[in-house]
2 protein chains.
Amino acid sequence: MSVTAAQGFVASGVTAGIRPSGKPDVAVVRSLPRAVGAALWTTNRVEAAPVTVSKRHLAVAEPQAVLINAGVANAATGDQGEADAVASAEALAQELGLETEEILVLSTGVIGVRLPVDKVLAGGRAAAAQLSPDGGAAAASAILTTDSGPKVAVVASGGFTVGGMAKGAGMIHPRLATMLVVITTDYPLAAGEAGVFLRPAVAQTFNRISVDGDCSTNDAVVLLANGASAAARDDAVFADALGEVCTDLARQIVADGEGATVVLEIGVTGAASGAEAEAIARRIATSPLVKTAAFGHDPNWGRVLAAAGSAPYDDGFARLETGRLTVAFGGVAVFAAGAPTGAVPDSSGTVCRIDLDLGLGDGAAGYLASDLTYDYVRINAEYTT
Amino acid sequence: MSVTAAQGFVASGVTAGIRPSGKPDVAVVRSLPRAVGAALWTTNRVEAAPVTVSKRHLAVAEPQAVLINAGVANAATGDQGEADAVASAEALAQELGLETEEILVLSTGVIGVRLPVDKVLAGGRAAAAQLSPDGGAAAASAILTTDSGPKVAVVASGGFTVGGMAKGAGMIHPRLATMLVVITTDYPLAAGEAGVFLRPAVAQTFNRISVDGDCSTNDAVVLLANGASAAARDDAVFADALGEVCTDLARQIVADGEGATVVLEIGVTGAASGAEAEAIARRIATSPLVKTAAFGHDPNWGRVLAAAGSAPYDDGFARLETGRLTVAFGGVAVFAAGAPTGAVPDSSGTVCRIDLDLGLGDGAAGYLASDLTYDYVRINAEYTT
């Protein structure tokens, strides 16, 4: 169901011939009642053309439909890339009877290659013709690249529904990664409100995961809300439901990380501030030493300490005092009050839970990460351009 | 020769039984004439006991000798670890007729394990008895762990000599890495001057290399200067010679990085500032995508762009405009003025030269990095504790 689980949304996915594999590669999601929406974008300074064009559209209109292609990222393609993205949006707008600015365009795939515009236009037309309330699954399949399968999540709550689809597994062979997420809801939101709910949900979920610490040129999370449920407003319930969908999709992305065999659940508590807790959690989540140890099922707390102690924050490092630290693997304390406890935790599972308490304050943050494996190196080294 | 190339220095290396392999594991370096010295330490907030103790010693005395052990890092060992480090320094000081505060102690090896003090004391005594002007090679061998061989460099210049030894290959199996460097010179420096020369040399060399982006708890670079050459002062010549030794040792560490098959030479020019050039160069040097591409001999400029565009700087990212960027692999431009050139560079060699010009200002920085390989994962995942 994914993006068509909420009332008033239609979607479709088609094969346009962009991916060499011949798999589906163009998806469209549309709201039938007028929707309001918001999006959060990659912070990479090398911004893909579809991101640039979609930001421009969002600045002047509420989004009514999203056009997504897999196979080519349309990034680092210069002015031609922007023109191609605009042309794709224009064609779909005409097909759907919408303004061009009401279309968001998302792309994922190889960087530095021109978008095959004819294929995208034909794919967009075909997808527009097949839009259906049953098209959620087809759409979720048509946005994938190296993903092992579709990633969808649905939460029904308080008389309304939130549904989403995501793609992302680290990167595209042989080039770069993109994480794309589209979430729809029939909960009633007014213009300008979607971002207010989306920002905190993403901060706690998609911004707290790491496959390889690399940030793509195309990342996007889109929320469309059309109010079709006629549910009464209960913003706390909606925020919870949205957070649940984001949490579910974020974990699916990490678990499907390229080459991943173990999900690291990292919890940092007792930091001097929330921002410092996040800096330390991120540093642990991106440490090649911690990630190879997880692959080796080694409860290597020395590497966790070394990563935590070098977490960049402001112009220096996040605050930390060795003598106040406690580190636990799977709930078993291995380091406490500045010295090893001698305990040997079981670390044989596919989840590696690491808790670090700093004993300094109330700052806390969580992070999810995948391990660093032979297959990660294989996927990203063996396929040459 | 290494640390005994300069006049007035003696050194030795012995087997004290700390390393399970039975290889040499305790080294001593001493200046016979009174020396002045300085050291630069890891910035990791989880600081090993020998670092804490040596900093304390340096604050009150000029260092005359250095005691180094391999096999155990004496990090995350609490108050007991500090007491062990002090006891080692005391014993060597007594043996050499020096003050305890004139001894620097350095350790490298497993984190979280107590130093086998009896072995270190016996090793220190044996090493003190064997100190010799011919002992440089033995000392350089006794500080190694996973290194494939000793790393030494000597520059003779202007009537004086600068010699150094280094260890470091990413990390120690099964625990953490440490980079240790000891440099000696018979160039005449006054008390307090050694740091003035050491800081800029290290900033341009050891602080511009990355094997895996991880920062150890024990890193140290020590410079001892005893003036035994009686050379006339020419500080520019000395700074050059010191820089040359540091450059040589730093490159040896990268080339011997765990599992490394390719050295990445990264040059960033045209940045808005020198600090931003360094931030971008560091981000490229630590990107798993760039490093796996180098292993695959893939001139994957898309990954370079994506890394550059996400280089953290201040509270945001280093400045960059896609339309002004030029990227070259091995001197061949693959991306210019915001668009691909279509050129296909040769990337078959063991050196991968990447140049990125931002076209914004005069900021420039270089970085050396090793590639990310199957062997890196093997070394750090397969050996469990």
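Residues numbered from 1 in each chain as written. Chains lettered and ligands numbered in written order. Predicted model: local features only at pLDDT ≥ 70, side-chain atom pairs only at ≥ 80, totals over all residues.

Structurally, isoleucine 18 of chain A is set in the loop between strand 1 (9–14) and strand 2 (26–31). The contacts of isoleucine 18 of chain A, once residues within four sequence positions are left out, are Asp25, Asn69, Ala70, Gly71, Val72, Pro116, Lys119 and Val120 of chain A. (Helix = DSSP H or I, 4+ residues; strand = E, 2+ residues; numbered from the N terminus. Contact = placed C-beta atoms within 7 Å.)

So, on to the relation of the copies chain B and chain A. Note on the copies: chain B fits chain A at an RMSD of 0.0 Å, the axial shift is 0.0 Å, and the rotation between them is 180 degrees. In the structure described here, the two chain copies are related by an operation that fits a two-fold rotation axis. When C-alpha positions in chain B are compared against the rotation axis, the closest is assigned to tyrosine 374 of chain B, at 2.8 Å. Here 100% of the interface residues in chain B have copies in chain A that are interface residues too; the copies meet face to matching face. (Least-squares fit on C-alpha atoms with pLDDT ≥ 70 in both.)

If you look at the biggest cluster of nonpolar residues, it comprises 274 residues, and the most contacted ones within it are Val222 and Ile280 of chain A together with Val28, Val222 and Ile280 of chain B. When residues no more than four places from it in sequence are discounted, the contact partners of valine 222 of chain B are Gly37, Ala39, Val66, Leu104, Val181, Val182 and Ile183 of chain B. (Core = buried A, V, L, I, M, F, W, Y, C linked by C-beta atoms within 7 Å. Buried ≥ 20, exposed ≤ 12 C-beta atoms within 10 Å, placed from the backbone.)

Let us look at the sheet that holds strand 6 (residues 151–157) of chain A. All names here are of chain A. Pairing is mixed across the open sheet formed by five strands, whose spatial order is 3-10-8-7-6. Across the chains shown, the open sheet's two edge strands, defined by having one partner strand only, are strand 3 (36–41) and strand 6. Sheet twist, expressed as the average angle between the axes of neighbouring strands with direction ignored, equals 10 degrees. The pairing of strand 8 (residues 180–185) with strand 10 (residues 220–225) spans six bridges and is parallel. Pairing of leucine 180 across the sheet is with alanine 220, part of strand 10. On top of the sheet, helix 6 (residues 235–255) reaches strand 6, strand 7 (160–167) and strand 8; it is set at about 160 degrees to strand 6, its chief contact. (Pairing = 2+ DSSP bridges. Axes fitted to C-alpha atoms, helices over the stretch in contact; angles between N-to-C directions.)

Contacts between chain B and chain A engage 52 residues on the former and 53 residues on the latter. Among the elements of the structure, helix 8 (288–295), helix 9 (301–308), strand 16 (339–340) and helix 10 (374–381) of chain B are those that each provide at least two residues to the side of chain B that touches chain A. Per element, the largest residue contribution to the side of chain B that touches chain A is seven residues, and it comes from helix 9 of chain B. Residue composition of the side of chain B that touches chain A, grouped by class: 24 nonpolar, 21 polar and seven charged. (Nonpolar A, V, L, I, M, F, W, Y, C, P; charged D, E, K, R; others polar.)

Residue and element names in this part refer to chain B. The interhelical angle for the contact between helix 8 and helix 9, taken along N-to-C directions, is 160 degrees, at an axis separation of 9 Å. Compared by their axis directions, helix 8 and helix 9 come out roughly antiparallel. Of the two possible hands of crossing, helix 8 and helix 9 adopt the one that is left-handed. Seen from helix 8, the contacting residues are Leu289, Val290 and Ala293; seen from helix 9, they are Arg303, Val304 and Ala307. Each residue belonging to the contact of helix 8 with helix 9 can be placed in one class, and the counts come to five nonpolar, no polar and one charged. (Parallel < 35°, antiparallel > 145°, perpendicular 65-115°, else oblique. Left-handed = near helix turned anticlockwise from the far one by under 90°.)

Another aspect to go through is the packing of helix 5 (residues 194–204) of chain B against helix 6 (residues 235–255) of chain B. Residues and elements named next belong to chain B. It is the contact of helix 5 with helix 6, at a shortest axis distance of 9 Å, that shows an interaxial angle of 40 degrees. Compared by their axis directions, helix 5 and helix 6 come out oblique. Crossing geometry of helix 5 relative to helix 6 is assigned as right-handed. Residue-level contacts link Phe197, Ala201, Val202 and Gln204 of helix 5 to Phe238, Ala239, Leu242, Gly243 and Cys246 of helix 6. A class-by-class count of the residues in the contact of helix 5 with helix 6 yields seven nonpolar, two polar and no charged.

Residues and elements named next belong to chain A. Here chain A is partitioned into domain 1 (2–255) and domain 2 (263–380). Using only C-alpha atoms to locate each centre, domain 1 and domain 2 end up separated by 32 Å. Contacts between domain 1 and domain 2 engage eleven residues on the former and ten residues on the latter. For the side of domain 1 that touches domain 2, the elements supplying multiple residues, two or more each, are strand 9 (209–210) and helix 6. Ranked by residue count, the leading element in the side of domain 1 that touches domain 2 is helix 6, at four residues. (Domains from an automatic or database assignment.)

The next point concerns the sheet that holds strand 9 (residues 209–210) of chain B. Residues and elements named next belong to chain B. Spatially, seven strands are ordered 9-18-11-17-14-15-16 in an open sheet, and the strand pairing comes out mixed. The outermost strands of the open sheet, each flanked by one partner alone, are strand 9 and strand 16. The pairing of strand 9 with strand 18 (residues 363–370) spans two bridges and is classified as parallel. Within strand 18, the residue paired with isoleucine 209 across the bridge is leucine 368. Contacts from helix 9 reach strand 14 (326–329), strand 15 (332–336) and strand 17 (351–357), with the element oriented near 135 degrees to strand 14.

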